[in-house]
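Residue-level structural notes
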Amino acid sequence: MINSLSEFKHAAKQAIENPESFWNDIANEFQWISPWKQTLAFDFSTPEIKWFVGGKLNITENCLDRHLATQPNKTAILFEPNDPTEEAQHITYKELHSRVCQTANMLKANGAKKGDRICIYMPMVPELAIAVLACARIGAIHSVVFAGFSATALAARINDASCTMLLTADGGFRGAKTIGLKDIADEALQSCTTVESCIVFQRTNKQVNWNPIDRWWHEEIEKVDDHCPAEVMDSEDPLFILYTSGSTGKPKGMVHSCGGYMVYTAYTFQNVFQYQSNDVYWCTADIGWITGHSYIVYGPLANGATTVMFEGVPSYPDFDRFWEVCAKHKITHFYTAPTAIRALQKHPTALIDKHDLSSLKVLGSVGEPINAEAWHWYDAHVGKHNCPIVDTWWQTETGGILITSLAGVTPQKPTFATLPMPGIQAVLLNNEGDEIEGEGEGILAIKHPWPSIARTIWGDHERYKNVYFSAYPGYYFPGDGALRDAEGNFRITGRVDDVVIVSGHNLGTAPIENAINQHAEVVESAVVGFPHDIKGNALCAYVIVKDISIDKTLIEKEIREEVAKTIGPIAKPDRILVVSGLPKTRSGKIMRRILRKLAAGDDNNLGDISTLLNPEVVDEIRRQNS
Ligand code: WTA
């Protein structure tokens, strides 16, 4: 573990000078069935990337078996149910190992084998993590689909990967609501032909429809024992597929490999969070997203950590649930998304103060740029100015965290993700694709592969090449913009595909939002471009304010002034709509595509809004628009 700034600098230097020996040393700390013959083989032009070539392993031996000798009775997964009156579950490493092996045997008994794609559409219960690990145990490729997705979205993902098995549940609890997952799965399967068996976990005890391919999990698991040797996997065999949306077209099934993914997620978990053996680490993401894959399941378990799985939502039964759970389980590490922080920030701090948060040591942020207001609120009210905040920049495609501070080890800077991890050669490019030296602003790109970079898009290597490696040959192009200060700290400014050209000027919508967000009354905002007769494009700002009854004319004027002051008069939005919410994906990302269409008056052509977290706000915006 990197323990000091000088150790960090040393590691970063080593990783640049000799990446192969750097990663060899780290990879050697894991349990391999047989060693690799070549550390790295890559060519960004094809693109082909291979790590630990020829090495054999099974990631579950590293996440489970190897901890049995040293800490069999340590809690591996701490499950906090949706309903606070339902008892929490403490699953030890020994028990988790046994349950994963038994579940793996259940999958095999139902026809699953190495290389098969298994779709997992489950609520946040321990069996979800167990299912993921059981697939890895037998070398089946898991494709987890977030349990908030619609039947159409689920079917598209099942079909894209030709999954032969579906693991689901009768339903799931989310706050006061119950989601009928089995009903949704049934609807999805009507348009899927490859699924041969469907195993249903019982969670809500809700009456469900039953089809010939359906089996109850609790009945199937009884038929098998818990002895299941780990399948021997090649380092480059796919471990999982996870879908992420592109700026256009259908979702991209990012493919991650066994060896490199394991090494990088474990390495980053340990160093970023500075996890110590008695810590209780809680990442509030859902396993349906990459954050859950890498930093609830694989990274923490590979380090023998105690990882919390939370089934519920931050607002149930009240807006203090996060803080209540922190106090209850003496959470030491709390890793969440800015969108959650901003939502909670709207509520009185008395809701936090009534809970003892003194166990907290490290806070984390992930998924979007964290604005200054949210950062300072998080620091003051949750961390009590006593916990480092790691602002971790990464993507589904990168597998693990690329740019971040290391908690308490490297300096933090509010709203900056700060420095690349050792081994990550992050650069800034100008529009011509030339590297910018020193302080500056540009397009973020990565010059050299790291072990957990996605290897391809399932079934579409050409798209993988086009999206990530073609715009700037020789680099991995993540699609984000960034600025860098004199110390080399990176601040992610947002997607570069959301640039709007106004009167011939390139304007990033993210910096304008940052400016608007500086207004004391503003909670969140989104700026999009819409066609304009004279300027080509103009800007429309959707703004959520703390108090919806505010004088709208005044706040509009003040927002324009704020933008003019921070960026320049050119960036002043033509239209400002004060709204109560923004259309968001289930992971909390603003659906700009929809906002752009609404701003353009292209109301009837919004596409599928069924996967939105809050489809009702679309109507509200429509009404304001008309
Ligand atoms: C954004 C989530 C700023 C970014 C792990 C990236 C961030 C996209 C940060 C990937 C951060 C993620 N600061 N922006 N700390 N973390 N992003 O695939 O635009 O769901 O490209 O992965 O989220 O989202 P994804």
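Everything below is about the structure shown above.
These remarks concern the structure in this document. The structure displayed is predicted, hence computed values, not measured ones. (Residues numbered from 1 in each chain as written. Predicted model: local features only at pLDDT ≥ 70, side-chain atom pairs only at ≥ 80, totals over all residues. Heavy atoms only, no water.)

1. Examining the pairing of strand β21 (residues 426–429)
Side chains A426 and L428 of β21 all project onto a buried face; the interleaved residues V427 and L429 project onto the opposite face, where all are buried too. As judged from the four bridges shared by β21 and strand β23 (residues 440–446), these two strands associate in the antiparallel manner. Residue pairing in the sheet places A426 in a bridge with I446 of β23. With two bridges joining them, β21 and strand β22 (residues 435–436) adopt antiparallel strand pairing. Note that in β22 the partner of L428 across the bridge is I436. Between β21 and the antiparallel strand that follows it, β22, lie five residues; G433 among them carries a positive phi value of about 90°. (Buried < 20%, exposed > 50% of the residue type's maximum accessible area, 1.4 Å probe, protein only. Helix = DSSP H or I, 4+ residues; strand = E, 2+ residues; numbered from the N terminus. Pairing = 2+ DSSP bridges.)

2. Comments concerning helix α18 (residues 592–599)
Quick reminder: α-helices carry 3.6 residues per turn. Residues three or four places apart thus point the same way. Looking at α18, one finds that the buried residues are R592, I594, L595, L598 and A599. Angular distribution of buried residues about the axis of α18 spans 160°; they occupy a single face of the element. Remark: G601 follows α18 within two positions and exhibits a positive phi of approximately 75°. (Arc of directions from axis to C-beta.)

3. Let's talk about unusual backbone geometry
Cis geometry marks the peptide bond from T46 to P47; its omega dihedral reads -20°. Residue placement: P47 occurs in the loop between β1 (38–43) and β2 (48–53). That bond from Y316 to P317 is cis: its omega, -5°, falls within 30 degrees of zero. Among the structural elements, P317 can be located in the loop between β17 (306–310) and α11 (321–329). With phi around 60°, N205 is a residue other than glycine that occupies positive phi space. If you check the backbone angles, K384 has positive phi at about 50° while not being a glycine. Within the element layout of this structure, K384 appears in the loop between α14 (372–382) and β20 (389–392). On the basis of relative accessibility, which here comes to 38%, the residue K384 falls in the partly exposed class.

4. Notes on the nonpolar core
Of all hydrophobic cores here, the largest spans 147 residues; its most connected members are L96, L107, I120, F273 and Y298. For Y298, the residues in contact, after removing those within four places along its chain, are I59, C63, V132, L133, A136, H142, L239, F240, Y261, T265 and H293. Counting residues in hydrophobic clusters, the runner-up holds 27 residues, among them W282, L357, I370 and W375. (Core = buried A, V, L, I, M, F, W, Y, C linked by side-chain atoms within 4.5 Å. Contact = heavy atoms within 4.5 Å.)

5. Focus on the site of the ligand
Neighbouring the ligand are 16 residues, the closest being D391, T392, Q395, T396 and D480. At 2.8 Å, a backbone N or O of T392 approaches a nitrogen atom of the ligand. Note that an oxygen atom of the ligand is positioned 3.3 Å from one of the side-chain N or O atoms of K589. Contact with the protein chains hides 90% of the accessible area of the ligand, taken as 530 Å² for the molecule alone. Across the shell around the ligand, the residue classes break down as six nonpolar, five polar and five charged. (Near = heavy atom within 4 Å. Polar contact = N/O pair within 3.5 Å; in protein donor to acceptor, adjacent residues only side chain to side chain. Areas by Shrake-Rupley, 256 points an atom, 1.4 Å probe, with all protein chains shown as cover. Nonpolar A, V, L, I, M, F, W, Y, C, P; charged D, E, K, R; others polar.)

6. Looking at the pattern of salt bridges
Tallied over the entire structure, the rule returns 31 salt bridges. Between K557 and E561 there is a salt bridge, and its shortest N-O distance comes to 3.4 Å. Placement of both K557 and E561 in helix α17 (residues 552–566) is noted, with a separation of four residues, approximately one turn of the helix. By relative accessible area, which is 49% here, K557 ends up partly exposed. Accessibility expressed as a relative area gives 43% for E561, which makes it partly exposed. Close ionic contact of D619 with R622 constitutes a salt bridge, the shortest N to O distance being 3.0 Å. Here R622 and D619 lie together in helix α19 (residues 616–625), a separation of three residues that amounts to about one turn. You can call D619 partly exposed: its relative accessible area is 39%. (Salt bridge = Lys/Arg side-chain N within 4 Å of Asp/Glu carboxyl O.)

7. So, the sheet that holds strand β5 (residues 89–92)
Ordered by their spatial adjacency, seven strands build an open sheet running β5-β4-β17-β16-β18-β19-β20, and the pairing between neighbours is mixed. Edge positions in the open sheet fall to β5 and β20, since each of these has one partner strand only. Averaged over all pairs of adjacent strands, the angle between their axes in this sheet comes to 20°, without regard to strand direction. (Axes fitted to C-alpha atoms, helices over the stretch in contact; angles between N-to-C directions.)

8. Observations concerning the sheet that holds strand β12 (residues 214–216)
Pairing is mixed across the open sheet formed by eight strands, whose spatial order is β12-β11-β8-β6-β7-β14-β15-β24. Strands with a single pairing partner mark the edges of an open sheet, and in this sheet they are β12 and β24 (456–457). When strand β8 (residues 165–169) meets strand β11 (residues 197–201), the two strands line up parallel, connected through five bridges. Within β11, the residue paired with A169 across the bridge is F201. Packed onto the sheet, helix α5 (residues 126–138) meets β6 (117–121), β7 (141–144), β8, β11 and β14 (238–244) and runs at close to 175° relative to β6.

9. Description of the packing of helix α16 (residues 509–517) against α17
Viewed as axis vectors pointing N to C, α16 and α17 meet at an angle of 125°, and their least axial separation amounts to 8 Å. Judged by the inter-axis angle, α16 sits oblique to α17. You can see that α16 and α17 cross each other, and the crossing is right-handed. Residues I512, A515 and I516 of α16 touch α17, and the partners they reach there are I559, E562, V563 and T566. In terms of residue class, the contact of α16 with α17 is made up of five nonpolar, one polar and one charged. (Parallel < 35°, antiparallel > 145°, perpendicular 65-115°, else oblique. Left-handed = near helix turned anticlockwise from the far one by under 90°.)

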